[in-house]
Structure formats: C-alpha cells, structure tokens
Amino acid sequence: MAKFISVMICTTLAGLLCVYGEVEAVKIGYEIRKQQETKMQALDRARALKYNIASLKAPKNLERRLLAQRIVLESPKSWQTLVLSNGTEAKKPGLLGVSSNRQPFFTRFFVGTAQAEAKESPNR
Amino acid sequence: MVQTKLSKTRLFVVFSLFLLALFCLLARLAFLQIFNSSSLSLKQQNQSRAIIEMQPARGRILERNGRELALDVRLDSLYAVSREIKDKEKVADKLYRILGTNRAEILERLNRDKLFVWIARKLSAAKSQAVQRLKEEGLGFVKESLRMYPKGETACHLVGFTDVDNDGLEGVELHYNSFLKGVPGWRLAQRDAKQRELISKEIEMVPPVDGYNVHLTIDEVIQSLTEKELAETCKKFNAAGGSAIVMNPKTGDILAMANYPLYDLNHSKNSTPESRRNRAITDLFEPGSVFKVITLSAILENKTFSLDEKFNCENGSWAVAGKVLHDHTGHGVMSFREIIEKSSNIGTVKGAMRLGGNKLYKTIRAFGFGERSGIGLAGEINGLVPNPRTWSRSSIINIPIGQGVAVTPLQLTAAAAAIANDGILMKPRIITHIDDQEGRVIKSFQPEAVRQVISKATSLQVRSVLEGVVSHGTGKKAAVPGFKAAGKTGTAQKLLPNGAYSHDQFFASFVGFVPYDEPKVVVVVSVDQPHPVYYGGDVAAPAFSRIAAGILAYWRISQNMVPPEVVKAAVKKPLDRSVETKSQIGVVGQ
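Starting from 1, residues in each chain are numbered consecutively following that chain's sequence as written. To read the labels, note that chains go from A and ligands from 1, taken in the order they are written. Where totals are concerned, whole chains, interfaces and linings use all residues; where local detail is concerned, this predicted model gives features only for residues with pLDDT of at least 70, and gives and counts side-chain atom pairs only at 80 or more.

**Quick look at the overall build of chain B**
Of the regular secondary structure elements, chain B holds 20 helices and 23 strands. The globule rule used for comparison is 2.2 Å times the number of residues to the exponent 0.38, while the radius of gyration itself is calculated over C-alpha atoms. In terms of overall dimensions, chain B is more spread out than a globule: its C-alpha atoms have a radius of gyration of 36 Å, far above the 25 Å expected for 590 residues. The buried share of chain B, reckoned over its 590 residues, is 44%. By the criteria applied, helices consist of DSSP H or I runs no shorter than four residues and strands consist of E runs no shorter than two, each listed in order from the N terminus. Backbone-placed C-beta atoms define the burial measure: a residue is buried with 20 or more other C-beta atoms within 10 Å of its own, exposed with 12 or fewer, and partly exposed in between.

**Looking at the overall build of chain A**
On a plain count of helices and strands, chain A comes out with two helices and three strands. Shown N-terminal to C-terminal, the secondary structure of chain A runs as helices and strands in the order α-α-β-β-β. Expressed as a percentage of its 124 residues, the buried residues of chain A come to 6%. Nonlocal contacts in chain A, meaning residues at least 24 apart in sequence, comprise 47% of its contacts between residues at least 6 apart. Contacts are defined on C-beta atoms placed from the backbone: any two residues whose C-beta positions lie within 7 Å are in contact.

**What about the domain arrangement of chain B?**
Residue and element names in this part refer to chain B. All the domain ranges listed were derived from an automatic or database domain assignment. Looking at the assigned domains, one finds that chain B contains domain 1 (52-216) and domain 2 (230-564). Placing a centre on the C-alpha atoms of domain 1 and another on those of domain 2 gives a separation of 46 Å. If you look at the interface, domain 1 gives 21 residues, while domain 2 gives 22 residues. Sorting the residues of the side of domain 1 that touches domain 2 by element identifies helix 6 (156-159), helix 7 (171-175) and strand 9 (213-216) as the ones contributing at least two each. Residue classes in the side of domain 1 that touches domain 2 are distributed as 11 nonpolar, six polar and four charged. Side-chain classes follow a simple rule in which Ala, Val, Leu, Ile, Met, Phe, Trp, Tyr, Cys and Pro form the nonpolar group, Asp, Glu, Lys and Arg form the charged group, and the remainder, Gly included, forms the polar group.

**As for the packing of helix 12 (residues 292-301) of chain B against helix 14 (residues 345-355) of chain B**
Residue and element names in this part refer to chain B. In this analysis an axis means a line fitted to C-alpha atoms, helices contributing only their contacting stretch, and an angle means the value between N-to-C directions, from 0 to 180 degrees. It is the contact of helix 12 with helix 14, at a shortest axis distance of 10 Å, that shows an interaxial angle of 40°. Of the possible angle classes, the one that applies to helix 12 and helix 14 is oblique. For the element pair helix 12 and helix 14, the recorded crossing hand is left-handed. Judged by residue contacts, K292, T295, A298 and I299 of helix 12 engage T348, G351, A352 and L355 from helix 14. For the contact of helix 12 with helix 14, the class distribution of residues is four nonpolar, three polar and one charged. Orientation is classified from the angle alone, with under 35 degrees giving roughly parallel, over 145 giving roughly antiparallel, 65 to 115 giving roughly perpendicular, and any other angle giving oblique. Note on convention: near helix rotated counterclockwise from far helix by under a right angle means a left-handed crossing. Clockwise means right-handed.

**A few points about the packing of helix 12 of chain B against helix 18 (residues 456-472) of chain B**
The relative placement of two packed helices comes down to the angle between their axes together with the axis-to-axis distance. Residue and element names in this part refer to chain B. Here helix 12 crosses helix 18 at 140°, and the two axes come no closer than 9 Å. The angle between helix 12 and helix 18 places the two elements in the oblique class. For the pair helix 12 and helix 18, the sense of crossing is right-handed. Across the interface between the two elements, V293, L296, S297, L300 and E301 of helix 12 pack against T458, Q461, V462, V465 and L466 of helix 18. Tallied by class, residues from the contact of helix 12 with helix 18 come to six nonpolar, three polar and one charged.

**Observations concerning the sheet that holds strand 22 (residues 521-528) of chain B**
Residue and element names in this part refer to chain B. Pairing between strands is defined by DSSP: at least two bridges between them are needed. Sheet architecture is open: five strands sit in the order 11-10-22-21-20, paired in antiparallel fashion. The two strands at the open ends of the sheet, each matched to only one other strand, are strand 11 (254-260) and strand 20 (486-495). Taking the axes of each pair of neighbouring strands and ignoring which way they run, one obtains an average angle of 10° across the sheet. In this structure, strand 20 lies alongside strand 21 (residues 501-514), joined through nine bridges in antiparallel fashion. The partner of A492 across the bridge, within strand 21, is F507. Its contacts with the sheet place helix 9 (residues 220-236) against strand 10 (241-247), strand 11 and strand 22, and it is angled at close to 30° to strand 11.

**What about the pairing of strand 17 (residues 431-435) of chain B?**
All names here are of chain B. In the sheet, strand 9 pairs with strand 17 via four bridges, with the strands oriented antiparallel. Paired with H215 across the strands is H433, a residue of strand 17. Strand direction decides the pairing type here: strand 17 and strand 18 (residues 441-444), joined by three bridges, are antiparallel. Its bridge partner lying in strand 18, H433 is registered against S444. A loop of five residues connects strand 17 with strand 18, the two strands running antiparallel in sequence, and G439 in this loop sits at a positive phi of about 85°.

**Some words on helix 3 (residues 88-99) of chain B**
All names here are of chain B. Its 12 residues place the ends of helix 3 16 Å apart at the C-alpha level, agreeing with the 16 Å of an ideal helix rising 1.5 Å per residue. Among all positions in helix 3, only V91, A92 and L95 are buried. Buried residues along helix 3 cover an arc of 100° about the axis, so they all sit on one side. Exposed residues lying more than 90 degrees from the buried face of helix 3 are E89, K90 and R97. A helix's residues, less one, multiplied by 1.5 Å, set its expected span. As used here, the arc belongs to the directions running from the helix axis to the C-beta atoms.

**Let's talk about the environment of B:R279**
All names here are of chain B. Looking at where R279 falls in the secondary structure, it is placed in helix 11 (residues 279-282). Taking the number of C-beta atoms within 10 Å as the measure of exposure, R279 has 24 and is therefore buried. The spatial distance from the C-alpha of R279 to the C-alpha of S243 is 6.3 Å, given a sequence separation of 36 residues. Ignoring anything within four residues of it in the chain, the contact list for R279 reads G241, S243, N259 and P409.

Listed below in structure tokens is the structure:
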C-alpha cells in the first residue's frame with residue numbers, strides 16, 4: 001500500500017512538474033513575443049530616424065534651409081585666393097590649410113566648408 | 001414481494017438506459033475517432049495553427065559614400081473588424097479628425113459587413129499613435145513596408161521607384177529588382193484561444209532573405225550640384241529639357257547623371273512620363289559640332305595630316321555635293337587646329353574628305369557610337385551611325401560635323417572620357433558592388449577597359465586642341481577659374497518630322513574635361529531647345545564651367561593656374577600677417 005501511495009505521489013509530482021514546465025514555456029513564449037515586438041518597433045523607429053537624418057542631410061534640403069535663413073554659401077572668388085609665385089605646394093588640407101590663420105573656435109561652426117564662407121544676402 | 005419485483009424491474013430499466021446511453025456515447029466516440037478523426041483534426045489545426053508570412057526588407061540603394069538614396073520604412077496600416085464596432089458613426093468621426101480623409105468614405109468602410117476592411121494604409125507614426133490612443137475595439141494595425149527616398153528629387157531618373165507591392169518600376173529599382181527585392185519567408189506556428197502565437201509550439205520556419213544593397217558610383221554632392229546647375233540653365237534659357245553627365249575618365253565611374261525636368265521620387269504618381277525619362281540614355285540627338293572631336297581624332301590617329309595643315313574655309317560658304325555648307329562666321333585660310341577651335345564646318349569637312357568615309361566610320365564605331373554602352377540601366381538605346389555602304393553623296397559632309405548621326409549623352413561622355421584617358425575607352429560604370437545586409441559582397445563591378453580607341457600621342461594632341469577651344473575658341477565661357485579646361489561646343493539644328501532641319505529649334509551641348517593635362521573629370525551638358533540664346537558656347541559651356549569648378553572645389557584639388565588679377569592684388573595689397581610666409585598658399589579675407 002505504501003509503495004502504491006509513493007508511486008502515486010511521484011507520478012502526480014512528475015505530472016505537475018511537466019505541466020508547470022509547459023505553462024512556463026508558454027509564459028516565456030509570450031514574453032519573447034513581446035520583446036520581439038518591442039525590438040521590431042525599435043528597428044522601425046531606427047529606420048524612420050535614418051530616413052529623417054538622410055533627408056535632413058540632403059544637399060537640396062540644406063540649401064533650401066540656408067536660403068530660408070538668407071545665408072548664401074559660395075566658393076571663394078579668385079580675388080579672395082592668393083597663390084604665391086615661388087611654386088611651392090599648398091599645405092594640406094587644400095588652400096585653406098593655414099594653421100596660423102585659424103578662426104576662433106565658435107566661428108568655425110558658422111562656416112560650411114573650409115573653402116566656403118557664409119555671408120548674409122545683400123537683399124536682406 | 002411485489003415491491004421488490006417492481007424495484008428490480010425499475011433498476012433494470014434504469015441500468016439498461018444508462019447502458020444504452022453509454023453505448024451511444026461509445027459508438028459516437030468510435031465514430032468520431034474512426035471516421036471523423038482526420039477532418040476534425042484538420043479543423044482543429046486550422047483553428048490553432050497559422051502560416052505567418054514574413055516579408056523581407058527591400059535592399060537599400062546607396063551612393064558611393066554610403067549615403068542612402070532609397071530605403072524601406074515600416075509603417076502601420078489601419079484596418080477595422082466592422083462587426084466588432086458598435087457605434088460606427090462615433091468611430092468614423094474620431095478617425096476623420098485624425099486621418100483627415102473623407103468621413104463618408106470611412107463610414108462606408110466601417111459599415112461593410114466584413115471581418116477585415118482597410119481604413120488607411122501606411123500611416124505616419126503620429127497618426128498611428130493617435131489612432132492607438134483611441135483604444136477603440138475593432139480597430140487594428142498591420143505593419144507594411146513603404147519605399148522612401150530621403151533625397152527626394154536627387155538622382156530620381158537613376159534610382160527609379162517601386163509600386164505599392166515594392167516591385168521596381170523605373171531605373172535601378174527596376175533593373176536590379178531581383179537583387180533588391182529579397183525572398184519572403186514563413187513560419188507555421190500554434191496559436192492560443194486569443195490568437196496569440198505560441199513560440200514554444202513553433203512547428204516550422206523558413207526565414208526571409210532580405211534584399212541586397214546596391215551601391216552606386218554617383219556622389220550625392222556632385223549629383224546635386226549637377227542637377228542644380230542643369231536646372232538653372234534650362235530655366236534660364238527656357239529649354240524643354242536637358243541632361244548632364246559627370247564621369248571619372250580613368251575608371252568610367254558615373255559621378256552624376258542629371259536630367260531636367262526632375263520629379264520627386266516620394267510622389268512619383270504626380271509626375272508625367274516625360275519628366276520620368278532618363279534622357280541621358282534614352283534620348284538620341286544629332287551632336288553637331290561636338291562631333292568634330294571624333295573627326296579630329298580620326299584624322300590625327302590615321303596621320304592624314306598634321307594640326308598645322310592649312311585649309312581654305314571659303315569665307316563661310318562653300319558649295320559641295322549639291323549643297324551649300326555654311327560657317328556661323330566667315331573664315332579664310334586656317335590651320336586645322338584653328339578650324340576646330342573656331343568650329344568651322346567647311347574646314348572640318350575638307351579635312352574629313354581627305355581622311356575618307358571608311359576610316360571616319362571605323363573611328364566613330366571604335367568610340368562606341370552606334371551601340372549600347374552596357375551601363376546596365378533599363379531603356380538604353382544604341383544610337384544611329386549609318387554604314388558607309390548606305391551613305392549618300394552628302395554623308396561625308398554631314399557626318400564629320402555631327403549631322404546624320406544620332407548619339408546619346410552617355411555615348412558622348414564615354415567618347416570624351418576616352419580622349420581624356422589617353423585613348424582608352426572605359427565602359428561606363430554605375431554600380432560598384434552589390435552586398436548583403438552583413439556587408440558581404442555578392443557581386444562586384446570592376447572598371448572595365450573596352451579598347452584603345454586612339455593612341456596616347458593622338459589623345460594628347462586632341463586635348464591640346466580642345467584646350468585651345470576653351471582658352472581662345474568658341475568655348476571661352478567654359479573656362480574654369482584657376483584651371484585649364486578643355487572641351488568642344490556644339491549647336492545642332494533639330495530634325496523636324498518632315499526630315500528638314502529646323503531653324504528655330506536647336507540642341508546646345510558642351511563636352512569637356514578638366515584639368516586638360518591630367519583630366520580628373522569629364523562633364524557633358526546638353527540642353528534641348530534653348531531660346532532665345534541657343535549656342536552651345538553660350539548655353540551649355542557656362543553650366544560646364546560651374547559644374548567643373550564646383551567638383552574641383554568639393555574635391556579640394558588645388559588650382560594649378562595663378563589668376564592674373566590675384567597676382568596684381570598680391571602686389572598692391574599688403575598681406576595679412578598670418579599669411580606672410582612665402583611658401584604658404586592661402587586665402588586673403590575680405
């Protein structure tokens with residue numbers, strides 16, 4: 001009788017363990033699905049942000065915004081460029097690589113490229 | 001006794017009934033298990049199992065520096081289960097306020113007695129969130145991919161666009177659709193009573209294969225610059241259209257391929273077929289005087305005569321082969337170098353007659369005219385170069401000056417690039433490579449030399465003549481400040497439908513490269529029907545100058561010429577202290 005009872009208890013416990021395992025697996029499955037959805041949402045958001053960044057960086061958009069702010073960027077005119085006649089090479093980078101002629105730190109943010117300068121349009 | 005008998009009878013009846021019921025149950029069970037088991041288990045599987053399709057992400061299209069020109073964005077599409085919506089009027093009102101579409105149409109969709117009705121597809125994130133906040137029963141979302149073009153109009157003719165199912169319809173999107181599209185996957189999964197997917201019970205899965213990324217040779221900055229200059233030129237001269245190509249002569253890489261008019265890739269439905277045409281490869285035109293470069297190359301390559309050979313240009317009018325040939329200004333005796341620099345038709349034809357039709361034809365074909373360049377874009381056409389066997393008496397007068405032949409702007413660019421590349425014709429390349437999402441290269445497109453068209457010595461001679469065209473010939477407006485440019489102008493009369501040449505419709509073009517001694521970039525600009533000004537030297541040459549100057553500034557290629565006014569300024573003005581060192585080259589501030 002005792003043997004029968006212990007077998008029954010063991011079988012019941014094993015059954016409960018099995019059911020518990022199944023329930024836990026389903027619960028974890030739900031959790032994984034939730035996490036996957038979150039991940040997908042984050043990836044979608046990342047894609048949308050990438051699109052926004054690429055769109056904002058598009059030269060045409062930048063130009064449009066600069067025009068809206070009445071800022072005109074242009075290459076230096078020939079009279080603004082000085083080439084000395086002893087035939088030596090320009091210091092890198094390019095024509096503007098003059099280390100002693102560097103602009104103040106904050107001013108640099110208002111200049112588009114090393115070869116361009118910002119100026120207000122005359123019709124302002 | 002009687003009562004006992006009755007009880008037994010009752011017991012028997014009750015027992016029999018139970019037994020019968022049990023038998024019925026067993027019979028039913030046996031029936032279900034034996035005869036109906038397959039159909040019932042199928043029914044159960046249909047209810048609990050689902051095949052879920054997994055859409056691949058379409059590959060991106062990127063320019064040479066990795067900036068995205070086309071990418072996929074996943075957006076929410078709103079659907080309704082109309083049977084679950086109680087107050088449809090109220091829901092329609094709310095949706096109308098958020099979506100801003102027709103209220104009656106929303107209501108009509110909600111009133112359909114269906115399990116699934118689309119309300120709005122591919123909503124913006126803000127609208128989707130606003131609808132989600134409503135927390136209305138019977139409304140749901142499905143994620144759908146939307147092809148987006150962050151640069152809008154930039155390289156629109158080259159990139160192309162897709163339809164609502166993400167299949168390519170134009171440009172690279174169409175030609176490389178098989179690489180970009182990817183392969184959809186699927187999974188067979190078990191669902192619970194609430195139709196939630198049970199990952200632990202996943203039965204089978206075939207993952208999707210995302211589309212490959214296509215890397216183009218174009219540079220976004222150069223493309224934008226070229227498009228801007230072309231558009232400004234076309235607007236300024238009231239042109240019907242135009243195209244401009246920028247090519248690296250050493251590799252054949254197309255750095256920009258611009259056409260006018262442009263259209264926004266994100267709103268391609270609003271564009272006309274006319275504006276969607278990639279004129280650079282689909283449109284033929286008679287090149288006119290720019291074709292004299294080919295005639296010159298043929299003469300020099302065949303050593304027919306030297307550049308110093310003199311020809312009488314008949315003061316601008318010459319009757320030959322039953323026709324009168326004119327120059328735009330009268331010239332007397334000139335060397336062949338001057339003939340090309342001044343773009344004399346009479347001198348060029350006289351030179352070509354000395355060369356002979358067969359040799360000219362061979363050189364024209366060697367430069368790649370009359371056949372597709374093999375750039376790998378949909379819609380490219382061959383061009384038209386008649387065989388000498390079919391030439392008429394006047395062909396030797398027309399063809400050397402670019403009449404009676406039809407070319408595409410791309411063919412012209414490739415030919416000019418061959419001259420700039422020591423006579424080696426390179427196959428135009430628009431794609432560098434195709435790779436997968438992990439960056440593994442699937443297919444690579446290497447620069448490909450087609451053939452040596454002319455010798456290096458000939459190409460150097462041609463380049464020196466073309467430099468003269470820009471410095472003191474018809475192409476003065478193509479001069480690039482600080483550099484020596486070379487090129488040739490072209491003004492061709494357009495052919496009318498009756499076969500005659502028009503006197504008020506022209507095709508203005510300029511073919512050139514810079515710097516002339518070591519060409520870095522070849523630029524071809526062609527403008528269709530400019531007016532009232534129509535000369536290539538006035539319309540296309542200035543655009544060439546601005547495009548080339550912009551590219552050289554962008555690449556930071558230092559100027560190899562000292563502008564004379566700068567030397568004067570340096571003599572007059574005292575230098576800024578910071579640029580006093582003689583070895584430095586700098587910029588004097590305003």
